[in-house]
Amino acid sequence: MPESQKGKIFMLLVIFMYAVILVGIGAFIGRKVKSASEFFVAGRNFNSGLLFTTLIAANLGAGSTVGVTALAYQHGLSAWWWIGSAGIGSMILAFIVGPKIWRIARENNFYTLSDYLDKRYSKFFSGIISLMMAVGTLALFSGQLLGIAWILEVVAEIPKTQGVIIGAVVTTLYFAAGGLLSSAVVNIIEVAVILIGFIIALPFVLKFSGGFEGIKANLTDQSYFDFFGMGSTAIIGYIVMLVPSFFISPGLIGKVFAAKNERAIKIGTSLNGLVQLIFAVIPVIIGMAAFSCFPNLARADLALPTAMKNMMPFYAGSIALAAIFAAEVSTADTVLYMLAGSLTNDIYKRFFNPKISDTKLLTLSRITSVICGIIGVILALRLESIISALTIFYSLMSVSLSAPLIFGLFTKRASNFGAILSATGGIILTLFITFSGLSGYVDFGFIRLNASTCGIIFSFVLMALSLGRTK
């Protein structure tokens, strides 16, 4: 049997065994989950270590691995701003937003962010946000599945369709079994695999490309090594879109609700942010090295799997494969967590069946997770790139939620009228700039801003102008 064929079989065995372990752990933990409270907030008993692992596992997914490597392949060092912005947002969640909203959640037994929005504003506002988040989150979930598919296609020659299905089946099975609790336990293994895999991969990639000097020698465009080389429009867009996304995300806030105390939130969440800021360098360097050695790839999303397959020894590539597979799956389970919460607790229970029993809500959440897994597969097969999928979600979430959440937490003058005006006004402006003759940007002469940046700024202005107004 040819060595290449043996390698492919070995890679498939690695994926299979890893998937079996994840599903097995999820099923074991799921036997202990008997209520909706345990499914959504894990009994509110996470210490700082468990909160850290479940947050960092959620944040190091397709966007932070395959997506950022693709950005670095295209733009160089400035691709750091994608994960860097997420790390900054995580620090705000750790010390400002997280502790405050956790206290409110504990006092009122909230399961989701929408529970808070319902109490702070109105059922109508929380319902609209939940519906939009469900749509955006399906795009996010499909992006994670797409990341898994690209990896499996290049490394193990598994067609895109089968790769998407593999990712969906593994994630859905272990999450549906035990919800947040099973995800958190599985995330411990996933985080260890992710960090070890990428740390091992980096020196091999650098050696293959001749180190930083070798990368520079192969590239003529020196802006590739500029920390701001992507341009102010793109960087500001990432900062404005992603920093809020990582302290208002329903999935991340839901995990914070599971913390046992404020100390666990501050330590676990800030450590998650710090690791993101440091980790951000690794996929950026891998993407730059891949471009210097393989500048003519058919698509940038193939940069990471190409580096993994061609720039490191077989054993290191196998470990890297497991790391990337873990990264994509770990974020995908957080997305399913958000979807289950939005569709069952936030929409079905609140609007259609307020008296549903705890056990029936648990069953419905598990069924919903499976259905969302199927829909995610269908969407993933239609998306063009991971970053495009993530941008849909982050833009929608930041524009609609940032101003209402921040003003709602820190001033009593924020009103339901202002929240609705802010969210709808921001989204309308974003859509107008995106689909009108402006081509997605507004040029102010001294600065050029993209659609989502304009929408977020406008939403904050509307919220500020509406303070104290009730109609």
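The model shown is predicted, which means the values in this text are computed figures rather than measured ones. (Residues numbered from 1 in each chain as written. Predicted model: local features only at pLDDT ≥ 70, side-chain atom pairs only at ≥ 80, totals over all residues. Heavy atoms only, no water.)

Examining the packing of helix α10 (residues 232-248) against helix α19 (residues 451-465)
Piece 1. Their axes nearest at 9 Å, the elements α10 and α19 cross at an angle of 45°. Here α19 runs oblique to α10, going by the angle between their axes. Considering only the axes of α10 and α19, their crossing is left-handed. Residue-level inspection shows Ile 236, Gly 237, Val 240 and Met 241 of α10 in contact with α19, the latter providing Ser 452, Thr 453 and Ile 456.
Piece 2. Of the residues assigned to the contact of α10 with α19, the class counts are four nonpolar, three polar and no charged. (Axes fitted to C-alpha atoms, helices over the stretch in contact; angles between N-to-C directions. Helix = DSSP H or I, 4+ residues; strand = E, 2+ residues; numbered from the N terminus. Parallel < 35°, antiparallel > 145°, perpendicular 65-115°, else oblique. Left-handed = near helix turned anticlockwise from the far one by under 90°. Contact = heavy atoms within 4.5 Å. Nonpolar A, V, L, I, M, F, W, Y, C, P; charged D, E, K, R; others polar.)

Observations regarding the pattern of salt bridges
Piece 1. All chains considered together, the criterion is met by five salt bridges.
Piece 2. Across the pair Glu 262 and Arg 103 runs a salt bridge whose closest N-O atoms are separated by 2.9 Å. Of this pair, Glu 262 sits in helix α12 (residues 262-279) while Arg 103 sits in helix α5 (residues 80-108), and the two are 159 residues apart along the sequence.
Piece 3. Owing to a relative accessible area of 24%, Glu 262 belongs among the partly exposed residues under this scheme.
Piece 4. Between Arg 299 and Asp 301 there is a salt bridge, with the nearest N and O atoms lying 3.7 Å from each other.
Piece 5. Residue Asp 301 is classed as buried on the basis of its relative accessible area, which comes to 5%. (Salt bridge = Lys/Arg side-chain N within 4 Å of Asp/Glu carboxyl O. Buried < 20%, exposed > 50% of the residue type's maximum accessible area, 1.4 Å probe, protein only.)

Comments concerning the environment of Ser 415
Piece 1. As for its placement among the helices and strands, Ser 415 is situated in the loop between α17 (386-410) and α18 (416-435).
Piece 2. Judged by relative accessible area, which is 10%, Ser 415 ranks as buried.
Piece 3. Here the alpha-carbon distance between Ser 415 and Gly 468, two residues 53 residues apart in the chain, equals 6.2 Å.
Piece 4. At 3.0 Å, the side chain of Ser 415 forms a polar contact with the backbone nitrogen of Gly 418. (Polar contact = N/O pair within 3.5 Å; in protein donor to acceptor, adjacent residues only side chain to side chain.)

A closer look at helix α3 (residues 48-59)
Piece 1. When the terminal C-alpha atoms of α3 are compared, their 16 Å separation across twelve residues agrees well with the 16 Å that a helix rising 1.5 Å per residue should span.
Piece 2. Summarising burial for α3: nine of the twelve residues are buried, a large majority.
Piece 3. Among all positions of α3, only Leu 51, Phe 52, Thr 53, Thr 54, Leu 55, Ile 56, Ala 57, Ala 58 and Asn 59 are buried.
Piece 4. Between a side-chain oxygen at the N-terminus of α3 and the backbone nitrogen of Gly 49 the separation is 3.2 Å; the capping residue is Asn 47. (Expected span 1.5 Å × (residues − 1).)

Overview of the environment of Ala 423
Piece 1. Positionally, Ala 423 belongs in helix α18.
Piece 2. Given the relative accessible area of 4%, Ala 423 is considered buried.
Piece 3. Between the C-alpha atom of Ala 423 and that of Ser 209, which follows or precedes it by 214 residues, the distance is 47 Å.

Section: the nonpolar core
Piece 1. Within the largest apolar cluster, 147 residues are counted, with the highest numbers of intra-cluster contacts made by Trp 82 and Phe 198.
Piece 2. When residues in this core are grouped by element, the largest group, 16 residues, is from helix α15 (residues 314-352).
Piece 3. For Phe 198, the contacting residues outside a window of four places in its chain are Thr 65, Phe 279, Ile 282, Ile 286, Leu 304, Ala 323 and Ile 324.
Piece 4. Core analysis: the next-biggest nonpolar cluster, separate from the first, contains five residues, Ile 433, Val 442, Leu 449 and Cys 454 among them. (Core = buried A, V, L, I, M, F, W, Y, C linked by side-chain atoms within 4.5 Å.)

Quick notes on unusual backbone geometry
Piece 1. Its identity is not glycine, yet Asn 109 carries a phi of approximately 55°, on the positive side.
Piece 2. Looking at Asn 109, the relative accessible area reads 46%, which means it is partly exposed.

Some words on helix α16 (residues 358-380)
Piece 1. Here α16 spans 32 Å end to end across 23 residues, near enough to the 33 Å set by a 1.5 Å rise per residue.
Piece 2. Residues of α16 that are buried: Leu 361, Leu 362, Ser 365, Thr 368, Ser 369, Cys 372, Gly 373, Gly 376, Val 377 and Ala 380.

A few points about the side chain of Thr 453
Piece 1. Structurally, Thr 453 is set in helix α19.
Piece 2. Contact partners of Thr 453, with chain neighbours within four places excluded, come to Ile 236, Gly 237 and Val 240.

Some words on the packing of α3 against helix α11 (residues 250-257)
Piece 1. The interhelical angle for the contact between α3 and α11, taken along N-to-C directions, is 170°, at an axis separation of 10 Å. When the axis of α3 is compared with that of α11, the two are roughly antiparallel. Taken together, the residues of α11 that come into contact with α3 (itself represented by Leu 51, Thr 54, Leu 55, Ala 58 and Asn 59) are Leu 252, Lys 255 and Val 256.
Piece 2. For the contact of α3 with α11, the class distribution of residues is five nonpolar, two polar and one charged.

Digging into the packing of aromatic side chains
Piece 1. Taken as a whole and judged by the stated rule, the model has 14 aromatic pairs.
Piece 2. Seen from their ring centres, Trp 81 and Phe 227 are 5.2 Å apart, and the 45° between their planes marks the pair as tilted. Of this pair, Trp 81 sits in helix α5 while Phe 227 sits in the loop between α9 (211-218) and α10, and the two are 146 residues apart along the sequence.
Piece 3. With a centroid separation of 6.0 Å and an interplanar angle of 80°, the aromatic rings of Tyr 224 and Phe 225 are classed as edge-to-face.
Piece 4. Judged by its relative accessible area of 6%, Tyr 224 falls in the buried class.
Piece 5. Pairwise contacts between aromatic rings join Tyr 73, Tyr 224, Phe 225 and Phe 291 into one cluster.
Piece 6. Lying over the aromatic face of Phe 351, Lys 123 brings its terminal NZ or CZ to 6.0 Å of the ring centre. (Phe/Tyr/Trp six-rings, centres within 6.5 Å; stacked < 30°, edge-to-face > 60°. Lys NZ or Arg CZ within 6 Å of the ring centre and 35° of its normal.)

Let's talk about a nonpolar patch on the surface
Piece 1. Taken together, the side chains of Ile 367, Ile 371, Ile 375 and Leu 379 present a nonpolar region at the surface, about 310 Å² in accessible area.
Piece 2. Tracing the backbone shows Ile 371 in helix α16. (Patch = residues over 30% accessible without salt bridge, like charges linked within 9 Å, V, L, I, M, F, W, Y side chains within 5 Å. Areas by Shrake-Rupley, 256 points an atom, 1.4 Å probe, with all protein chains shown as cover.)

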